[in-house]
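Structural description and commentary
Spelled out, the chains give:
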Amino acid sequence: TASEPSHSVPSKNNVGPIPLFNIINPTEKQPRIAIIGGGAMGSLIGSHLASLGAKHGTGPEVWMLSSWNDHVDLINSQGLTIERMDDSYQLFKNVRATSNPEEVLAAGGTCDYAIVLVKTPYTRNASKKALTLLGGKSGKGSVLTLQNGIGNREILLEEFEDESRVILGTTNHGATIIEPGVVRHTGIGDTQLAENKWNPKSVSTIASILNSCGIPTQIDSDLDGLLWGKLIVNAGINPITALMKLRNGELAENLTGKKLLQKTVTEAVGVVTRKGIRLPFSNPLEQVLSVLRATSPNQSSMLQDILRGVKTEIDSINGVIVREGERVGQAVDLNRLLVALVSSPPEEVKELIPLLMKEAY
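Below is a summary of the structure that appears in this document. (Residues numbered from 1 in each chain as written. Predicted model: local features only at pLDDT ≥ 70, side-chain atom pairs only at ≥ 80, totals over all residues. Heavy atoms only, no water.)

Observations regarding the overall build of the protein
Put simply, the rule reads: By definition, any uninterrupted DSSP run of H or I lasting at least four residues is a helix, any uninterrupted run of E lasting at least two residues is a strand, and each is numbered from the N terminus. Every radius of gyration here is taken over C-alpha atoms, with the globule rule written as 2.2 Å times N^0.38, N being the number of residues. Note on exposure labels: buried denotes an accessible area under 20% of the residue type's maximum, exposed denotes more than 50%, and partly exposed covers the range between, all computed with a 1.4 Å probe on protein chains only. Contacts: residue pairs with any heavy atoms within 4.5 Å of one another. Surface exposure here means Shrake-Rupley accessible area, sampled with a 1.4 Å probe, where a residue is shielded only by the protein chains that are shown. Charge assignment in this entry is limited to Lys and Arg as positive and Asp and Glu as negative, and neither His nor the chain termini are counted. The atoms used to mark charge sites are NZ of Lys, CZ of Arg, CG of Asp and CD of Glu.
Regarding its fold elements, the protein presents 14 helices and 14 strands. The C-alpha radius of gyration computed for the protein amounts to 20 Å, which stays within 12% of the reference 21 Å derived for 361 residues, consistent with globular compactness. Within the protein, the proportion of its 361 residues that are buried is 57%. Taking the intrachain contacts of the protein between residues at least 6 apart in sequence as the baseline, contacts between residues at least 24 apart amount to 71%. Surface exposure of the protein reaches about 15400 Å², of which carbon and sulfur atoms provide 50%. Averaging the coordinates of the 35 positive side-chain charges in the protein and doing the same for the 37 negative ones gives two points 2 Å apart.

Regarding the pairing of strand β11 (residues 174–179)
Successive residues of a regular strand alternate their side chains across the two faces of the sheet. Going by this rule: The pairing criterion is simple: DSSP has to find at least two bridges between the two strands.
Sheet topology note: the β11/strand β12 (residues 182–187) ladder contains five bridges and is antiparallel. Within β12, the position partnered with E179 by the bridge is V182. Between β11 and β12, which pair antiparallel one after the other, the connecting turn spans two residues, and G181 there sits at a positive phi close to 85 degrees.

Regarding the sheet that holds β12
Rule in force here: Axis angles are defined between N-to-C directions and span 0 to 180 degrees, where every axis is a line fitted to C-alpha atoms and, for a helix, only to the segment in contact.
Read across the open sheet, the four strands follow the order β6-β5-β12-β11; overall the sheet is mixed. Of all strands in the sheet, those with a lone pairing partner are β6 (89–92) and β11, marking the two edges. Each neighbouring strand pair of the sheet contributes to a mean axis angle of 25 degrees, computed without reference to strand direction. Pairing geometry for strand β5 (residues 80–83) and β12, over three bridges, is parallel. Bridging across to β12, I82 finds its partner in V183.

Section: helix α9 (residues 255–275)
Condition: A helix is expected to span 1.5 Å for every residue after the first. Polar contacts, as counted here, are pairs of nitrogen or oxygen atoms within 3.5 Å of one another; within protein the pair requires one atom able to donate a hydrogen and one able to accept it, and residues that are adjacent in sequence qualify only if both atoms are side-chain atoms.
Between its first and last C-alpha atoms α9 spans 30 Å; for 21 residues at 1.5 Å apiece the expected length is 30 Å, and the two agree. Those residues of α9 not exposed but buried are T256, G257, L260, L261, T264, V265, E267, A268, G270, V271 and V272. If you follow the buried residues of α9, they end up packed against α7 (223–244), α8 (248–252), α10 (284–294), α12 (318–328), α13 (333–343) and α14 (346–360). For α9, the capping residue at the N-terminal end is N254, with a side-chain oxygen 3.2 Å from the backbone nitrogen of T256. Following α9 by one or two positions, G276 adopts a phi angle in the positive range, close to 75 degrees.

Quick look at the pairing of strand β4 (residues 61–65)
With four of its five residues buried, β4 lies for the most part within the structure. Looking at chain direction, strand β3 (residues 32–36) and β4 are connected through five bridges and run parallel. The partner of I33 across the bridge, within β4, is V62. Relative to strand β7 (residues 95–98), β4 runs parallel, the two sharing four bridges. Looking across to β7, one finds that V62 is bridged to V95.

Here's the deal with the environment of D87
Within the fold, D87 resides in the loop between β5 and β6. Residue class for D87 comes out exposed when judged on its relative accessible area of 61%. Considering only alpha carbons, one finds D87 and L261, 174 residues apart in sequence, at a separation of 30 Å. Here the side chain of D87 touches R184 through a polar contact of 2.8 Å, side chain to side chain.

Remarks on the sheet that holds strand β8 (residues 113–116)
One key point about sheets: their strands pair by backbone hydrogen bonds, in either a parallel or an antiparallel sense. Spatial strand order, β7-β4-β3-β8-β9-β10-β13-β14: eight strands in an open sheet with mixed pairing. Each end of this open sheet is capped by a strand with a single partner; those strands are β7 and β14 (217–220). Recorded for the sheet is a direction-independent mean angle of 25 degrees between the axes of neighbouring strands. The strands touched by helix α3 (residues 101–108) within the sheet are β3, β4 and β7, with β4 carrying the most contacts at an inclination of about 160 degrees.

Here's what the structure looks like:
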């Protein structure tokens, strides 16, 4: 698992230290947390939250909402198994799963937090479920997005109509579905939440919960830098691993792939520079390569989508770079080609791959 947190974890950009959440006091009401999206990352985050109850006998009540019935059924009947990076594994029987938000409400009322981890094309539907779970427009619970891409926060805000209840976050952890009920943790990375001036307590509370369950989390005051920093990492890694059918570590060692990654990242950084956004790291290319190395065994989410033949998040990642590049006058030819390739039927991709290889040299 991720390393055990210290007594408190420092925030970025002078937001202040985050105390650990008090999960060993049985007299305190423990939060109800719903994970919306039962894929690899949703399962990984859910298992970490459930580890507090497994370790201390008390902790957050964790629910997972997923439309994947086989996964839901196995979690409820046998538990959720997490394979660790050291090849050990742990079985969690205190995660409850369902496809129906009403079942969560019937079991104990509204939730305190909903964490959205669906793919971007499904955010609109997830936002409606989150609002239901958190008590509707008059509720007080907060929703946290840890999704890839840009635009998810805006969709949640449209649904909630309350900026104090929507929290933006990013995570560079990696995970892969092995089979229903079984997920492998394939990479450890930073998790950051954006400061919310309308509701700082809600952000600090969920950050402390994440820290306490072994997901070191910081609070960052720079919303745009946080979003675009994660976008550049995704834009460099996801489409190239998907098209070349490479794991993250394999891309880090592939000369052609690395050349494509460098050009993709360079275009994206050009867009960020013209927009006047300050990234949370000084060397974008090295940051992307460090994420590749830290998540070496991982199959990117876009590669997993391609292999399963389902819709990818290319439009909310590289597509954003293309649209913003055109708006600010930055050349984004390679990102445009990547969007076209990932969005094309497999038989057409084979014909266009030579164009991609030409871009590398």
